[in-house]
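# Summary of structural features
One-letter residues, chain by chain:
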Amino acid sequence: MYLLHLEARDFRNYGELLVAPHPSLNIIRGQNAQGKSNFIEALYVSLRGCSYRATREADLIRWGKPCAVVGGIIKPGSEEADLSIRTLIHPDRKEIRVDGNPVRRGEIVERTGVVLFTPEDLWLIKGGPQGRRRFMDRELGLFSAGYFDDLQHCRRALSQRNALLRQRGGSRAENELWTEQVCRFGARILSARLKLLREYVPLVCRLFNRWTGGDLNIRYQSSVVISGIDNGALENSLLKAVVDREKEEHRFRQTLSGPHRDDLQFMINGHDARSFGSQGQQRAIILALKLAQIEFWQLRTGRQPVILLDDVLFELDEPRRRAVLDALRNRAQVFLTVGDAVFQSTDEHKSFHVVDGNLGEEG
Amino acid sequence: MQYTRSIRRLIEELGKLPGIGPKTAQRLAYHLVTASPEVSTNLAAAIVEAREKLRYCSECADITEDDPCNMCRDERRSVRHICVVEQPRDVVALEKAHGFSGRYHVLHGSLSPMEGIGPERLTIDRLLERVRRGGVDEVILATNASLEGEATALYLAKVLKNLGVKVSRLAFGLPVGADLEYTDGRTLARAIEGRREV
Ligand SMILES: [Zn+2]
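Residues numbered from 1 in each chain as written. Chains lettered and ligands numbered in written order. Predicted model: local features only at pLDDT ≥ 70, side-chain atom pairs only at ≥ 80, totals over all residues.

Helices and strands together make up the secondary structure of chain A, namely 11 helices and 15 strands. Taken over C-alpha atoms, the radius of gyration comes to 22 Å for chain A, in line with the 21 Å a tight globule of 363 residues would show. Overall, chain A is about 70 × 50 × 40 Å in size when its C-alpha atoms are taken along their principal axes. The burial tally for chain A puts 41% of its 363 residues in the buried class. Pairs at least 24 apart in sequence give 70% of the contacts found in chain A among residues at least 6 apart. (Helix = DSSP H or I, 4+ residues; strand = E, 2+ residues; numbered from the N terminus. Rg over C-alpha atoms; globule rule 2.2 N^0.38 Å. Buried ≥ 20, exposed ≤ 12 C-beta atoms within 10 Å, placed from the backbone. Contact = placed C-beta atoms within 7 Å.)

Next up, the structure:
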């Protein structure tokens, strides 16, 4: 899968952006703060319909402009027709169209593949559990049919139940009703995560262990006792957890068990990498997670995702850099930002130069 | 921009209506004060008349001029079937679909603790009373396919079953997230036809 054409208007510091990328390697040069990362972000938005770093939609819109537009034309596979995805961003809402028809975000995520590498990825290990849950929900969830809808229902059911807990009122029947909703959708999310991890985790560990000779283990830490991974068993586990923690929940007035409280734990040779891993080990885990994501894409869809590397390649030592470049050699389309120095590539590629929100093709 | 006081008030009042943003409110306000005077006097009179004459039907809680409403007095409509909807506009949508010839019951919302809506804020008591009075064979739950609509249906199914009446649900699933009023007539008629007992 690759991007044939990218077009953006009033996106971040770009007034007008028109690019016809190379189907394999694209190198983006430029000094800091000229718009390299914004370009990577535009590529991401064109494929996903949302940003990975903006906290508000308004941040994506060029200063003083009413809205931003990002559009891409994608070649999904050799046999399939081109796909046109257009995202219109207003400060308060967003509209995504595929071939002119409005769609929900969940729908395009299931059709387009993108794997992103940024320096902030390290927070996946170092940061709080929220980032790791977001990784599971965003990057793995898309391989499970209906995951995004279930996740939305799950969050909404949680808000409803927590509201009821805060009000302290509610008849027994009403309390039971919202508990059932939370457990029903929570079980679906939990089940999907566990099934996806069962396939994905071995890919990550194999990569890590091959590079470092260490022994990586990834554990799903749940807020409930898991005895089986089908919906029914998990729903029972969740219901039981609610009963067990009833007093606590009434004291804190929120739902304390469920996928929204779970975490991933990375263990190297039996020790938690978050507290005991070296910077190098933590980087290696991230790299393994990302490269495994690419493999996962290929396994599940038979396609290559588009790969975006924002300022990460040169933070890696030589063997890791080679591991990345080797993994990317498989016909995938790659976008890579580098500093101002000219990057020598042996492969066929296109090179772009960014100065103050203007991107031009070189050579 | 500075508005004169009365135009500002008009824009404010219009802006309180559902689905009307500041821009639309401004456009409507300027239209009303520049169009011929009858446009505004007719609109104002229609609003006042509707407010004065319309009330809730004491039977089905739909909005009506006469109490009980036309549908609750219509002898051709079967009293043995009650179709429960969230809003008066859902009754309109179902009537257009021509798939149902029983009586209706309007809840005026769905359960949502976030908005402070519990069972006591809906017309559930009145519905239970209608069923308790007897003569009802089946209650069809036609709340929206949203999380809240689905939860409301589950809640009603539980309390109604205690009364020994048959309870069924329209045949559409939750992921659709569809509101009744935006569902086309054919689909609605099919959803009533294929309703499942719960
Ligand atoms: Zn009536």
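Okay, the overall build of chain B next. Looking only at helices and strands, chain B has eight helices and seven strands in total. Summarising its shape, the C-alpha atoms of chain B cover approximately 60 × 35 × 35 Å along the three principal directions. Taken over 198 residues, chain B has a buried fraction of 30%. Partitioning the intrachain contacts of chain B with sequence separation of at least 6 by distance along the chain shows that 58% fall at a separation of at least 24.

Before going further, it helps to examine the domain arrangement of chain B. Each assigned domain of chain B is listed with its residue range as follows: domain 1 (5-53) and domain 2 (77-169). Using C-alpha coordinates to define each centre, domain 1 of chain B is positioned 34 Å away from domain 2 of chain B. (Domains from an automatic or database assignment.)

Residue and element names in this part refer to chain A. Residues of strand β8 (residues 114-117) alternate between two faces, with Val-114 and Leu-116 on one and Val-115 and Phe-117 on the opposite face, all of them buried. By the bridge criterion, four bridges tie β8 to strand β12 (residues 306-309) in an arrangement that is parallel. Residue pairing in the sheet places Leu-116 in a bridge with Leu-308 of β12. (Pairing = 2+ DSSP bridges.)

Residues Leu43(A), Ile285(A), Ala288(A), Leu308(A), Val84(B) and Val85(B) are the most contacted members of the largest nonpolar core, which totals 127 residues. Per-element accounting of this core gives the leading share, 14 residues, to helix α6 (residues 172-212) of chain A. (Core = buried A, V, L, I, M, F, W, Y, C linked by C-beta atoms within 7 Å.)

Moving on, we come to the packing of helix α5 (residues 88-97) of chain B against helix α8 (residues 185-193) of chain B. Residue and element names in this part refer to chain B. Two elements in contact, α5 and α8, have axes separated by 8 Å at closest approach and are oriented at 90°. It follows that α5 is roughly perpendicular to α8 by the angle criterion. Contacts between α5 and α8 involve Ala-93, Leu-94, Lys-96 and Ala-97 from the former and Gly-185, Leu-188 and Ala-189 from the latter. Taken together, the residues that form the contact of α5 with α8 break down as five nonpolar, one polar and one charged. (Axes fitted to C-alpha atoms, helices over the stretch in contact; angles between N-to-C directions. Parallel < 35°, antiparallel > 145°, perpendicular 65-115°, else oblique. Nonpolar A, V, L, I, M, F, W, Y, C, P; charged D, E, K, R; others polar.)

Chain B puts 11 residues into the contact, and the matching count from chain A is 16 residues. Residue composition of the side of chain B that touches chain A, grouped by class: eight nonpolar, two polar and one charged.

Quick look at the environment of Pro68(B) now. As for its placement among the helices and strands, Pro68(B) is situated in the loop between β2 (63-64) and α4 (70-73). Counting along the chain gives 13 residues from Pro68(B) to Arg55(B), while the straight-line C-alpha distance between them is 9.9 Å.

A few words now on the packing of α6(A) against helix α10 (residues 279-301) of chain A. Residues and elements named next belong to chain A. Where α6 meets α10, the closest approach of the two axes is 8 Å, and the angle between their N-to-C directions is 130°. Our classification of the angle between α6 and α10 gives oblique. Taken as a pair, α6 and α10 cross one another with a handedness that is right-handed. Facing Tyr-200, Leu-203, Val-204, Leu-207, Phe-208, Trp-211 and Thr-212 of α6, the residues of α10 in contact are Gln-281, Ala-284, Ile-285, Ala-288, Leu-289, Leu-291, Ala-292, Glu-295 and Phe-296. Among the residues forming the contact of α6 with α10, the class breakdown is 13 nonpolar, two polar and one charged. (Left-handed = near helix turned anticlockwise from the far one by under 90°.)

The next subject is the confidence of the model for chain B. In this model, chain B carries an average pLDDT of 90, and 95% of its residues clear a pLDDT of 70 or more. Within chain B, the element-level pLDDT minimum falls on α8(B), averaging 78, and the maximum on strand β4 (residues 102-106) of chain B, averaging 97. (pLDDT = per-residue confidence, 0-100.)

A few words on the sheet that holds strand β6 (residues 94-98) of chain A. Residues and elements named next belong to chain A. Read across the open sheet, the six strands follow the order β2-β1-β4-β5-β6-β7; overall the sheet is antiparallel. The open sheet has two edge strands, β2 (14-19) and β7 (101-103), and neither has a second partner. Neighbour-to-neighbour, the strand axes of the sheet open up by a mean angle of 20°, direction not taken into account. Strand direction decides the pairing type here: strand β1 (residues 2-11) and strand β4 (residues 68-75), joined by seven bridges, are antiparallel. Residue Ala-8 lies in a different strand from β4, and its bridge partner there is Val-70.

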